[in-house]
Amino acid sequence: MLLVALVCCGCGQATCDDWVQNGDESDSDCGGSCAPCRSPRACFHDGDCASGRCLPTSHCASESTCGDGIINGRESDVDCGGYCPGCSKGKRCRTDGDCESRSDRCVDGICRDDPCTDRIKNHGETDIDWGGTCRDCATGSSCADDNDCISKSCSGGRCESEKGVLPTFGPTVTRSPVPPPLSGGTLIVLHDGHTAVASDPDRDRVFVADLAQGTLLAAVKLEGGDEPGRLVEDAAGRVHVVLRGGHAIVDLDPKGWTLAARRPVCVAPRGIAFDPAQDRLHVACAGGELVSLPAPGGKLVRVVHLGRDLRDVIVQGALLHVSRLRTGGLLTLDGNGAITGERAPSPFSDPSIRKGATFVAASAWRAVATSDGVAMVHQRGLASAVTPGNHGYGGVEESQNCDGSIVHSAVTVFWPDREPVGAATLPRAVLPIDIAVAPSGKGYVVVAAGNAHNDALPKLFAGSFASQGACEKESSQVDGRPFAQPTGQPIAVAFDGVGRVVVQSREPATLQVLTGSSITVALSDDAREDTGHAIFHANSGSNLACASCHPEGGDDGRTWILAGVGQRRTPALRDGVLARAPLHWAGDQKDLPALLDDVYVSRMGGPILAADRTPAIASWLDRIPPLPQSPPTDPAAVARGATLFRDAQGPACAVCHQGAILTSNAIVDVGTGGPFKVPSLLGVAWRAPFLHDGRAKTLRDRFGLDGGADRHGHTANLGDGQISDLIAYLQTL
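Residues numbered from 1 in each chain as written. Predicted model: local features only at pLDDT ≥ 70, side-chain atom pairs only at ≥ 80, totals over all residues. Heavy atoms only, no water.

A.B. asks: What should I look at first to understand the sheet that holds strand E32 (residues 509–513) in this one?
C.D. replies: Backbone-to-backbone hydrogen bonds pair the strands of a sheet. The strands run either parallel or antiparallel. One open sheet accounts for four strands, arranged E30-E31-E32-E33; its pairing is antiparallel. If you trace the sheet from one side to the other, it starts and ends with strand E30 (490–495) and strand E33 (519–524), each paired once. Between one strand axis and the next, the sheet turns by 20° as a mean value, whatever way the strands run. (Pairing = 2+ DSSP bridges. Helix = DSSP H or I, 4+ residues; strand = E, 2+ residues; numbered from the N terminus. Axes fitted to C-alpha atoms, helices over the stretch in contact; angles between N-to-C directions.)

Below you can see the structure in the form of structure tokens.
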């Protein structure tokens, strides 16, 4: 009590011995005008430390470590490594971070150029950085025998793969404006059974076609960057289209197919549904808003906040169902907008898939109504350890049948009064971005957009809701009626009034009727093929695409277990990823070419990319637009949080999170389990769970002891209100 009184009343006692950080101290009773701090106390600059060195982690280096001519502290060699400067080539190390150059690697405990990443054919390699004692060779690289190859097939001195399974991309091309990431669900057939309306997010158009006549009726031009997405027909025949990039919906008048109105709804609209009982539209927004407005026209009548990551919305009687993209969750709401439950697809295992390993749901690409429930097509991710190398993400040898990839596609059915049931596992169906329920209600068709560039693989997969979690055999018929496989790059699917399968392709832009006599309606001759976009979304050859873990250019919200590495949270790719090199949490990938070589070619089993294709995917990745943030509910709290964030005498967040992308790109130990890259904070509110291993489920959790406490910014003395202000600011970045 006496101590509190002295501190609170400011009764004259010197601040350097009151056990509290105050005045200009950098830590309790040291730094600033007090005695210098010793390691590992906090610091603002070198003068705060007895050692004369304030580390990038804002902690003092030991004064007895970095210049005493002996190995001590956390050094890996004399006066280098650990908290000291990096070691030069030839000196001892424990991790790559102990070495002074980012191009160096810790090989057998010594800093040196890693022979397996030095871009030179040496040390017994059969190709540059492949074969011999290095990684197994990717398809197309040189080999001496079968053991050099990931595929275990060496022919004529080159590693082979199954013909047509690897993607092919054609001539390298980039587009401007950049094509948006795939989202699916951009096609409906109206109640008349023959009029199809298709959103085209690549060309900012909405196309209307007569499927009975095979003719294009209208091409409605929108504003640049509108990125039209989901769409719905109301009782009066009007069509309402979500503008993912335009923060609005547009109403289309069927008389002449003209734009009747453009109505703002939220900054990131995603799903839309029509409620005939109330003649209302319900729009689900990625920012967490569920917006309701009159279908005939007019302003919003209700906004319900449900938390981020909303995707599709389905009306069933008096109930609303809203899906979440990353978790695969399905919310149920009553007529007043109150949540009555949230469910997710059940964990899955099968003895024939990865030896019975468990998979958990993620990435709910599309949810649609069935006759008595909701059908969700989603992905599942491996919950046990993943081998990060030599085709480890594909794992073809790990499964007797079905799909051995660490991610596979599935359909789950939700009923109001029963537990959700996994209807099927879809082998080799990569990026299941859309699903359509057959008129009978018994079957469905799924678009596997990731197979568009793999000649030997189907692009459409049919299944039956009667299946119970088993691997669905690849089929090209639904309800007993065969359909043809589409050409081009399919992105959406529907059934017309007589039960024919209709597919929309993005490149070339067409509508294709695939049942019976095939019909193709050309929508546009404006080419939007982009090599970077294609590589990112293509099945690498091991039933996995970059977008499998990075849906829509973001992340799947998963924390993966990497064998020999530990738990690693999937990083997001938006907001200028190339400026964040070195890449990965450990900073072990010095640049994008190194990452593609290791992850895309080695881990995912993809083809070696031609020299002009790396710049193409770099160009596309760096132009993925950021997700906009919803307006803050308390601007004053945001302003206070911004001040705290930049306060060098307070939390000092901006010491590491600096510059245009809010990262110093340094590799530091902030008390969360080792040295890791300082992540960019742009868009951080979209990226729960947080930290390298996902230990912080919320932003508030990050400020607890598990978040590194005072080693991770000077936050231990912040009150709840100050932390709330910081969080309010972070949610606007």
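A.B. asks: Can you help me understand the sheet that holds strand E24 (residues 418–426) in this one?
C.D. replies: Pairing is antiparallel in the open sheet, where four strands are placed in the order E21-E22-E23-E24. Every interior strand has two partners, whereas the edge strands, strand E21 (359–369) and E24, have only one. Pairwise comparison of adjacent strand axes, ignoring direction, gives a mean angle of 30° for this sheet. With six bridges connecting them, strand E23 (residues 407–415) and E24 associate as antiparallel partners. If you follow Val 411 over to E24, its bridge partner there is Ala 424.

A.B. asks: Can you help me understand the environment of Asp 104 in this one?
C.D. replies: Within the secondary structure, Asp 104 is located in strand E1 (residues 104–107). Judged by relative accessible area, Asp 104 falls into the buried class, the value being 1%. In sequence terms Asp 104 and Lys 89 are 15 residues apart; their C-alpha atoms lie 7.6 Å from each other. If we skip the residues at most four places from it in the chain, Asp 104 touches Lys 89, Cys 99, Arg 112 and Asp 113. (Buried < 20%, exposed > 50% of the residue type's maximum accessible area, 1.4 Å probe, protein only. Contact = heavy atoms within 4.5 Å.)

A.B. asks: Please clarify how the packing of helix H6 (residues 635–646) against helix H8 (residues 720–730) should be interpreted in this entry.
C.D. replies: To describe two helices that pack against each other, one gives the angle between their axes and the distance between the axes. In the contact formed by H6 and H8, the axes pass within 7 Å of each other and the chain directions differ by 95°. With respect to each other, H6 and H8 are oriented roughly perpendicular. On H8, the residues that touch Ala 637, Val 638, Arg 640, Gly 641, Ala 642, Leu 644, Phe 645 and Arg 646 of H6 are Gln 722, Asp 725, Leu 726, Ala 728, Tyr 729 and Leu 730. Considering only residue class, the contact of H6 with H8 consists of nine nonpolar, two polar and three charged. (Parallel < 35°, antiparallel > 145°, perpendicular 65-115°, else oblique. Nonpolar A, V, L, I, M, F, W, Y, C, P; charged D, E, K, R; others polar.)

A.B. asks: Quick question: what am I supposed to make of the nonpolar core here?
C.D. replies: One recurring pattern in soluble globular proteins is that nonpolar side chains are buried together. Of all hydrophobic cores here, the largest spans 59 residues; its most connected members are Val 445, Val 501, Tyr 600 and Leu 621. The dominant element in this core, judged by the number of residues it contributes, is helix H4 (residues 592–603), at six residues. The residues contacting Val 501, other than those within four sequence positions of it, are Val 445, Leu 460, Val 478, Phe 483, Val 493, Ala 494, Phe 495, Gln 512, Val 513, Leu 514 and Thr 515. Counting 22 residues, the second-largest nonpolar core is a separate cluster that includes Leu 718, Leu 726, Ala 728 and Tyr 729. (Core = buried A, V, L, I, M, F, W, Y, C linked by side-chain atoms within 4.5 Å.)

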